[in-house]
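# Examining the three-dimensional arrangement
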Protein chains: 2
Amino acid sequence: MSATTNAENLRADSARVRARMLAAARERIAAGDLDLPMNAIAKAAGVGVGTVYRHFPTRQALLESLAAQSLENLVAVAVAAAREPDVGSGLAALLRAGMRIQLSDPALAEVLSTIDAAGDETADLSRDLAAAITTLLDRARTEGAIRPDLTADDLRRLLCGLQHAVRIGAVDDADRYLDILLAGLRP
Amino acid sequence: MSATTNAENLRADSARVRARMLAAARERIAAGDLDLPMNAIAKAAGVGVGTVYRHFPTRQALLESLAAQSLENLVAVAVAAAREPDVGSGLAALLRAGMRIQLSDPALAEVLSTIDAAGDETADLSRDLAAAITTLLDRARTEGAIRPDLTADDLRRLLCGLQHAVRIGAVDDADRYLDILLAGLRP
DNA sequence: ACCTGAACACCGTTCAAGT
DNA sequence: ACCTGAACACCGTTCAAGT
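Attention here is on the structure that accompanies the text. The structure presented is a predicted model; accordingly, all values stated were derived computationally and were not measured. (Residues numbered from 1 in each chain as written. Chains lettered and ligands numbered in written order. Predicted model: local features only at pLDDT ≥ 70, side-chain atom pairs only at ≥ 80, totals over all residues. Heavy atoms only, no water.)

Let us now look at the protein's contact with DNA strand C. Within the structure, DNA strand C sits among L36(A), P37(A), M38(A), N39(A), V49(A), Y53(A), V47(B), G48(B), V49(B), G50(B), T51(B) and R54(B). The backbone of M38(A) places a nitrogen or oxygen atom 2.7 Å from a phosphate oxygen of DNA strand C. The contact in question runs from a phosphate oxygen of DNA strand C to an N or O atom on the backbone of G48(B), over 2.8 Å. Taken together, the elements giving at least two residues each to the surface near DNA strand C come down to α2 (38-45) and α3 (49-55) of chain A together with α3 (49-55) of chain B. The element that contributes the greatest number of residues to the surface near DNA strand C is α3(B), accounting for 4 residues. Split by residue class, the surface near DNA strand C holds 7 nonpolar, 4 polar and 1 charged. (Near = heavy atom within 4 Å. Polar contact = N/O pair within 3.5 Å; in protein donor to acceptor, adjacent residues only side chain to side chain. Helix = DSSP H or I, 4+ residues; strand = E, 2+ residues; numbered from the N terminus. Nonpolar A, V, L, I, M, F, W, Y, C, P; charged D, E, K, R; others polar.)

Rendered as structure tokens:
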């Protein structure tokens with residue numbers, strides 16, 4: 001077999017191993033544990049602990065990989081919201097989706113709250129998210145639909161905060177709390 | 001010396017040791033670390049690790065002891081706010097103080113967010129806090145100053161959430177965010 | 001009674017040795 | 001090149017032995 005084939009095999013194997021580690025981490029998170037012990041993940045994925053470190057040099061890197069899909073979903077929602085003809089509906093839809101996705105993926109909730117410490121790929125997505133939100137807020141500001149001083153970063157942080165308020169109690173208060181935030185954002 | 005004197009000496013010594021452990025824990029928190037490793041606290045306080053466990057059976061118990069003073073301050077503010085003639089001023093003062101005290105004491109921020117898991121003393125203070133807030137909200141509701149469905153627990157959680165929103169970014173956004181929440185609470 | 005700290009289990013992290 | 005897992009440091013927690 002050629003060198004190329006070998007490299008591809010290695011990459012395929014590496015991808016499989018990576019998927020196994022992420023699955024093991026997700027299992028722990030689903031069980032309510034955001035601890036992500038590297039040794040335990042290695043054992044559950046059937047690899048040496050050094051392999052976990054090779055793929056995910058830090059706990060933050062692992063978290064970001066776990067949250068990547070959810071973050072992409074959120075970016076897509078924000079882009080769509082920025083294009084929504086009714087800017088008020090767009091803003092409401094964005095906040096609702098941001099809450100829903102964070103509640104369904106605790107890794108995203110943590111990544112979204114610590115986005116300043118993000119690696120390259122997460123930082124890229126974060127920029128896309130901020131750009132879409134800025135577009136939406138600019139439109140809303142022009143229409144007089146929101147406080148003039150509100151930035152994309154404000155909206156992200158307030159959404160993270162609201163998620164925290166929901167999470168420390170009953171999840172079915174989410175809609176009421178979103179309503180309170182939306183009302184508070186008006187000028 | 002009498003048995004009473006001995007008991008008093010023991011108590012005085014115990015209190016001194018307790019204070020030393022709390023001071024050691026506070027030093028770590030002040031250094032930005034909410035980890036509170038029991039072994040490290042024992043070493044810093046010059047006691048055996050078993051003594052730390054005797055005084056604080058769980059990390060939660062230690063956190064609550066660290067936050068007790070701050071929580072008492074918050075309760076006092078809430079009681080005063082409930083008596084404030086201008087109910088709007090009372091509500092604003094309570095939220096501002098809740099934010100300020102949480103920001104100055106990360107242990108309180110965590111205890112306030114996990115108040116359901118509280119021990120007896122913290123639970124007592126929590127009840128006092130809830131009672132004072134309920135009094136304030138009842139008055140505000142009668143005057144039509146707030147949404148009718150808002151409970152004391154909602155206010156606590158929203159305040160915890162807002163603290164989180166502030167903490168993950170610049171602290172000087174606190175006043176703007178409080179303004180947004182206050183606006184959102186109106187009917 | 002209260003305190004000490006050794007002891008055990010476990011996790012983070014590195015790195016020499018294997019393939 | 002990539003992976004393994006032993007090794008070391010550290011933390012949580014218990015409990016037999018001391019005072």
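Interfaces are often sized by the amount of accessible area the parts lose when they come together. Taken together, the contact between chain B and chain A spans 27 residues of the former and 27 residues of the latter. Area buried by chain B at its contact with chain A is led by R157(B), I168(B) and I180(B), which between them contribute 31% of it. Seen at the junction of chain B and chain A, the total is 8 salt bridges. As a salt-bridge pair, D173(B) and R157(A) come within 2.8 Å of each other at their nearest N and O atoms. (Contact = heavy atoms within 4.5 Å. Buried area = accessible area lost by both parts, 1.4 Å probe. Salt bridge = Lys/Arg side-chain N within 4 Å of Asp/Glu carboxyl O.)

Okay, the protein's contact with DNA strand D next. As a structural note, the neighbourhood of DNA strand D is formed by V47(A), G48(A), V49(A), G50(A), T51(A), R54(A), L36(B), P37(B), M38(B), N39(B), V49(B) and Y53(B). Sugar and phosphate atoms form 59% of the subset of DNA strand D atoms that lie within 4 Å of the protein. Taken together, the elements giving at least two residues each to the surface near DNA strand D come down to α3 of chain A together with α2 (38-45) and α3 of chain B. The residue inventory of the surface near DNA strand D, partitioned by class, reads 7 nonpolar, 4 polar and 1 charged.

Moving on: the side chain of D173(B). Note that D173(B) resides in the loop between α8 (152-167) and α9 (174-185). Looking at D173(B), the relative accessible area reads 14%, which means it is buried. Reaching out from D173(B), the side chain makes a polar contact with the side chain of R157(A) at a distance of 2.8 Å. Within the structure, the side chain of D173(B) is placed 2.9 Å from the side chain of R176(B), a separation counted as a polar contact. (Buried < 20%, exposed > 50% of the residue type's maximum accessible area, 1.4 Å probe, protein only.)

Under the definition given, this model contains 20 salt bridges over all chains. With its nearest N and O atoms 3.0 Å apart, the salt bridge here joins R156(B) to D153(B). Here R156(B) pairs with D153(B), and both are found in helix α8, just 3 residues apart, close to one helical turn. We classify D153(B) as partly exposed; its relative accessible area is 38%. Connected through salt bridges with shared partners, the residues D149(A), D154(A), R157(A), D173(B) and R176(B) form a single ionic network.

Glancing now at the relation of the copies chain B and chain A. With an RMSD of 0.0 Å, chain B superimposes on chain A once it is rotated by 180 degrees and translated 0.0 Å along the axis. What we have between these two chains is a two-fold relation. When the interface residues of chain B are mapped onto chain A, 100% of them again fall at the interface, so both copies present the same face. (Least-squares fit on C-alpha atoms with pLDDT ≥ 70 in both.)

Further remarks concern helix α5 (residues 87-104) of chain B. Residue and element names in this part refer to chain B. The end-to-end C-alpha distance of α5, which contains 18 residues, comes to 26 Å, matching closely the 26 Å that a straight helix rising 1.5 Å per residue would cover. Taken as a whole, α5 has its buried residues at V87, G90, L91, A92, L94, L95, A97, G98, M99, I101 and Q102. Each element contacted by the buried residues of α5 is listed here: α4 (59-83), α6 (106-113), α7 (120-142), α8 and α9. Taking the backbone nitrogen of G88 as reference, a side-chain oxygen 3.0 Å away marks D86 as the first, capping residue of α5. (Expected span 1.5 Å × (residues − 1).)

From the geometry alone we can't say anything about function, so treat these as descriptive.
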